[in-house]
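As a plain string of letters, each chain reads:
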Amino acid sequence: MGTRFEELAWRETPIGEISLRRRRDPSLDVDVYEVKLDDEFLMSSLFPVAEIELARLGLAPLTAGDLDVVVGGLGLGYTARTALEDPRVRSLLVVEAIEDVIDWHRRDLLPFAAGLAADPRTRFVRADFFAAVASGAGFDPEAPERRFHAVLLDVDHSPRQVLHPSHADFYTVEGLRRLAALLHPEGVFALWSNDPPDPAFQRTLTEVFPTSVAHVVRFPNPLQGREAANTVYVARH
């Protein structure tokens, strides 16, 4: 590709300026897709491993078929796309607060997420994930009492490093109990975090869920020439 840098989309939102850009990395000879919120990098296509593992680890404990799954936070689409690769998934509800992010996928701006928007199992819901939990209204506006087999969440940097102060209450015992009420018995809540496992948050999870595990997902960082790691929490109702 001749263009070294291209801003594919940009929008002012209630939480800041969000943008999608594509750049050519000459050292790796690849096109890199990045999402920024103001001057802060939210995600990059160079490091999709943990987002992929969020779906795989989150769905792995489930033994039933015909799974109804929620993905909170669409981003570059790796978690949602990976969830659809599991043949047991019957429906995928993607809850995303920013319409423009949904539009990126409807316009096929992200080649590695191709097929996500077109898959008949996928439905996008423009909504604030955290407000939906706090209100008790649930994730599906067409079926407020609907429960799900798995909720896979990737929005904040970590339970302590939230993108907006209104998200903080979700990571408390009360907030997680409201989330658990939206799960089927033995349903799974899985959460991506940029930070190492947080013992305090793990204790909070154990007050709500009978079982929980913090998985450390390691992957190479070619830009820094070292190994990096994220955390995926998996808790079962």
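Residues numbered from 1 in each chain as written. Predicted model: local features only at pLDDT ≥ 70, side-chain atom pairs only at ≥ 80, totals over all residues. Heavy atoms only, no water.

Trainee: Please set out the overall build of the chain residue by residue, giving values where relevant.
Mentor: For the chain, the count of helices and strands is 6 helices and 11 strands. Since a compact globule built from 237 residues should have a radius of gyration of about 18 Å, the 17 Å found for the chain is in line with a globular shape. Across its three principal axes, the chain shows a C-alpha extent of roughly 50 × 40 × 35 Å. Considering the chain as a whole, with its 237 residues, one finds that 51% of them fall into the buried category. Considering only intrachain contacts with a sequence separation of at least 6, the fraction spanning at least 24 residues in the chain is 61%. One finds the centroid of the 25 positive side-chain charges in the chain at a distance of 3 Å from the centroid of its 36 negative side-chain charges. (Helix = DSSP H or I, 4+ residues; strand = E, 2+ residues; numbered from the N terminus. Rg over C-alpha atoms; globule rule 2.2 N^0.38 Å. Buried < 20%, exposed > 50% of the residue type's maximum accessible area, 1.4 Å probe, protein only. Contact = heavy atoms within 4.5 Å. Lys, Arg positive; Asp, Glu negative; His and termini not counted. Charge placed at Lys NZ, Arg CZ, Asp CG, Glu CD.)

Trainee: Which residues make up helix 3 (residues 99-106), and what are the values?
Mentor: It helps to recall that an α-helix has 3.6 residues per turn; residues three or four apart then point in one direction. Of the residues making up helix 3, those classed as buried are D100, V101, I102, W104 and H105. On its buried face, helix 3 sits against strand 1 (5-13), strand 2 (16-25), strand 3 (30-37), strand 6 (89-96) and strand 7 (122-126). Looking one or two places after helix 3, you find D108, whose phi comes out positive at around 55°.

Trainee: Explain the sheet that holds strand 6 to me, and be specific about the residues and the numbers.
Mentor: Pairing within the open sheet is mixed, and its 7 strands lie in the order 7-6-5-8-9-11-10. Of all the strands in the sheet, the pair left with one neighbour each is strand 7 and strand 10 (211-221). Taken pair by pair, the neighbouring strands of this sheet meet at an average axis angle of 20°, ignoring direction. As paired strands, strand 9 (residues 183-193) and strand 11 (residues 226-236) are joined by 6 bridges and run antiparallel to one another. (Pairing = 2+ DSSP bridges. Axes fitted to C-alpha atoms, helices over the stretch in contact; angles between N-to-C directions.)

Trainee: I'd like to hear about a negative patch on the surface, residue by residue, with values.
Mentor: Together, E12, E17, D38, D39 and E40 make up a region of like negative charge exposed at the surface. By secondary structure assignment, the location of D39 is in the loop between strand 3 and strand 4 (40-44). (Patch = residues over 30% accessible without salt bridge, like charges linked within 9 Å, V, L, I, M, F, W, Y side chains within 5 Å. Areas by Shrake-Rupley, 256 points an atom, 1.4 Å probe, with all protein chains shown as cover. Salt bridge = Lys/Arg side-chain N within 4 Å of Asp/Glu carboxyl O.)

Trainee: Tell me about the nonpolar core, and name the residues and values.
Mentor: In this structure, L20, V69, L74, L92, W104 and L152 are the most contacted members of the largest nonpolar core, which totals 44 residues. For this core, the leading source of residues is helix 1 (residues 49-59), giving 6 residues. In contact with W104, other than residues within four places in its own chain, are A9, I18, S19, L20, V35, G75, L109 and L110. (Core = buried A, V, L, I, M, F, W, Y, C linked by side-chain atoms within 4.5 Å.)

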